[in-house]
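Structural features, examined
If you want the building blocks of each chain, they are given just below.
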Amino acid sequence: MKTSLRVRLDQISARLAELDALLASEDATRDLERFRAWGKERAEIEAVAARYEAYRRTEADLAAADELAQDPAMRAFAAEERHDAARRLEAIEADLQTMLLPKDPDDARNVFLEIRAGTGGDESALFAADLFRMYTRYAERRRWRVDVVSESASDLGGYREIIAHLSGDHVHARLKFESGGHRVQRVPQTEAQGRIHTSACTVAVLPEADPVADIAINPAELRIDTFRASGAGGQHINKTDSAVRITHLPTGIVVECQDDRSQHRNRAQAMAVLASRLVDRERREREQKEAAQRKSLIGSGDRSERIRTYNFPQGRVTDHRINLTLYRIDAIMDGDLDELIDALAQEFQAEQLAALGGET
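Here the structure is a predicted model, which means the values were calculated and not measured.

A word on the overall build of the chain
Helix and strand counts for the chain stand at 9 helices and 11 strands. For the chain, buried positions account for 38% of its 360 residues. Intrachain contacts of the chain at a sequence separation of at least 6 include 61% that bridge at least 24 residues. Counting every atom, the chain has about 19,800 Å² of accessible surface; 48% of that belongs to carbon and sulfur.

As structure tokens, this is what we get:
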């Protein structure tokens, strides 16, 4: 085991003992907020400390087997014991490395999913609708809730843009690698001669921000306009100025919400989207500055980065970041995304392990 890893594990074990003493002290509950914080921290490190204790016990078993091997009569038995201990030691070390990987604080958050048509005109808008259906079907499989925040429909039934709020269990953890450019190759419905066209959409997956805790938005930097909602929604929604458009003046970010009949709820939803976009903007700027230090194979989530191609004539989907091609496009477009998402998550974890293993 690398020295840096052992030092970190020794620190965790010492901290667990310290927390146990603090939680058992007479005045532990005088400050309930502090008491809960200690309890939460203990829960987070307990499993790591227990696994490290198993590692140290196995190290002792290995040393005992080496000592036993000094007796010629016990040499064969000692060799078998040593082999077993060495195998367990390797497995436990692998577990510990995985357990020490940095956690993404956004993994448990809900997200705003934004899909925008790109090159390809009407066909791109139709592909945007197909992507939205794909993610909606995946959400159904995961028992997530999908609420449309805003949409801009095209003439042929697609979307020039659609924004939805997805809520449920670890939504961001499952969808965070979906941001980027998605390209489709197929014969469009509008193509009379059967020629294959290529078009594209951009997808953005933004973890839902807490407007209070995550970012401070100065009301003086906002321009808020109300207008009548367009499209479906019944007669009432088209007779009142219930739709809301918020412009963040320093960045030029514009958010519209007209999905609800209540202007108040539309405004709250638009503010939530704006906060998430501003936090995402800060995160991307920060990651660009750090790009020289860390280059992720999974990609930066840049909207201009082409991450995946959906080739309908060949029935394949290719994720270019990990060179994975699956010949099951119908199932994938119907929301069967777990194989793709699991492969991306595993590759990302392998990168993290490689970085951890590179420490001295």
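Still more to cover.
Some points on the side chain of E178
Among the structural elements, E178 can be located in the loop between α5 (171-175) and β4 (180-186). A distance of 2.6 Å separates polar atoms of two side chains, one belonging to E178 and the other to Y135.

What about helix α3 (residues 75-99)?
The end-to-end C-alpha separation of α3 is 36 Å, in line with the 36 Å expected for 25 residues at 1.5 Å each. For α3, every residue scored as buried is listed here: A78, A85, L89, I92 and L96. Here the buried face of α3 lies against α1 (3-24) and α2 (32-68).

A closer look at α2
Taking 1.5 Å per residue, 37 residues should reach 54 Å; α2 reaches 52 Å between its end C-alpha atoms and fits that length. Within α2, the axis deviates most sharply at I45, by approximately 40°. All of the buried residues along α2 are W38, I45, V48, A49, Y52, A54, Y55, T58, L62 and A65. Buried positions along α2 lie against α1 and α3. At the N-terminal boundary of α2, the capping side chain belongs to D31, with an oxygen 3.2 Å from the backbone nitrogen of E33.

With respect to the packing of α1 against α2
The geometry of α1 relative to α2 is characterised by a closest axis approach of 8 Å and an angle of 130° between their N-to-C directions. By the criterion of interaxial angle, the relationship of α1 to α2 is oblique. For the crossing formed where α1 meets α2, the hand is left-handed. Here the residues of the contact of α1 with α2 are counted per class, giving 13 nonpolar, 2 polar and 9 charged.

Quick word on unusual backbone geometry
The phi dihedral of H170 is positive, around 50°, even though this residue is not glycine. Inspection of the secondary structure assignment puts H170 in the loop between β3 (159-167) and α5. For H170, a relative accessible area of 38% translates into the label partly exposed. If you check the backbone angles, N323 has positive phi at about 55° while not being a glycine. Mapped onto the fold, N323 is located in the loop between β10 (316-319) and β11 (324-326). N323 sits in the exposed class, given a relative accessible area of 69%.

Things to note about the pairing of β10
By the alternation rule, side chains of β10 split into R316 and T318 and V317 and D319, which are all buried. With 3 bridges joining them, β10 and β11 adopt antiparallel strand pairing. Opposite V317, over in β11, you have L326 as the bridge partner. Connecting the antiparallel pair β10 and β11 is a turn made up of 4 residues, with N323 showing a positive phi of about 55°.

Details of the packing of aromatic side chains
Evaluated as defined, the whole model comprises 5 aromatic pairs. Taking 5.5 Å as the distance between ring centres and 90° as the angle between the ring planes, the aromatic pair formed by Y138 and W144 counts as edge-to-face. Classification of Y138 by relative accessible area gives buried; the value is 1%. Overall, W144 belongs to the buried group, its relative accessible area being 7%. Over the ring of F312 we find R186; its NZ or CZ atom is 5.1 Å from the centre of that ring. The ring of F227 carries the charged tip of R245 above its face, separated from the ring centre by 4.4 Å.

A closer look at the pattern of salt bridges
Where charged atoms from two side chains of opposite charge approach closely, those side chains can pair. Scanning the entire structure with this criterion turns up 35 salt bridges. Two residues, R137 and E140, come together in a salt bridge whose shortest N-O distance is 2.8 Å. Linking R137 with E140, this pair stays in helix α4 (residues 121-142), spanning 3 residues, or about one helical turn. Overall, E140 belongs to the partly exposed group, its relative accessible area being 46%. Of the charged contacts in the structure, one is a salt bridge between R174 and D342, with a shortest N-O distance of 2.9 Å. With R174 in helix α5 and D342 in helix α9 (residues 338-357), this pair connects stretches of sequence that are 168 residues apart. You can call D342 partly exposed: its relative accessible area is 32%. Several salt bridges converge on common partners, so that one network encompasses R133, R137, E140, R141 and D334.

A closer look at the environment of A354
Considering the arrangement of structural elements, one finds A354 in helix α9. Judged by relative accessible area, which is 55%, A354 ranks as exposed. Note: C-alpha distance between A354 and Q97 (257 residues apart in sequence) is 10.0 Å.

Rules used in this analysis
Residues numbered from 1 in each chain as written. Predicted model: local features only at pLDDT ≥ 70, side-chain atom pairs only at ≥ 80, totals over all residues. Heavy atoms only, no water. Helix = DSSP H or I, 4+ residues; strand = E, 2+ residues; numbered from the N terminus. Buried < 20%, exposed > 50% of the residue type's maximum accessible area, 1.4 Å probe, protein only. Contact = heavy atoms within 4.5 Å. Areas by Shrake-Rupley, 256 points an atom, 1.4 Å probe, with all protein chains shown as cover. Polar contact = N/O pair within 3.5 Å; in protein donor to acceptor, adjacent residues only side chain to side chain. Expected span 1.5 Å × (residues − 1). Bend = angle between axes of the 7 residues up to and from the residue. Axes fitted to C-alpha atoms, helices over the stretch in contact; angles between N-to-C directions. Parallel < 35°, antiparallel > 145°, perpendicular 65-115°, else oblique. Left-handed = near helix turned anticlockwise from the far one by under 90°. Nonpolar A, V, L, I, M, F, W, Y, C, P; charged D, E, K, R; others polar. Pairing = 2+ DSSP bridges. Phe/Tyr/Trp six-rings, centres within 6.5 Å; stacked < 30°, edge-to-face > 60°. Lys NZ or Arg CZ within 6 Å of the ring centre and 35° of its normal. Salt bridge = Lys/Arg side-chain N within 4 Å of Asp/Glu carboxyl O.

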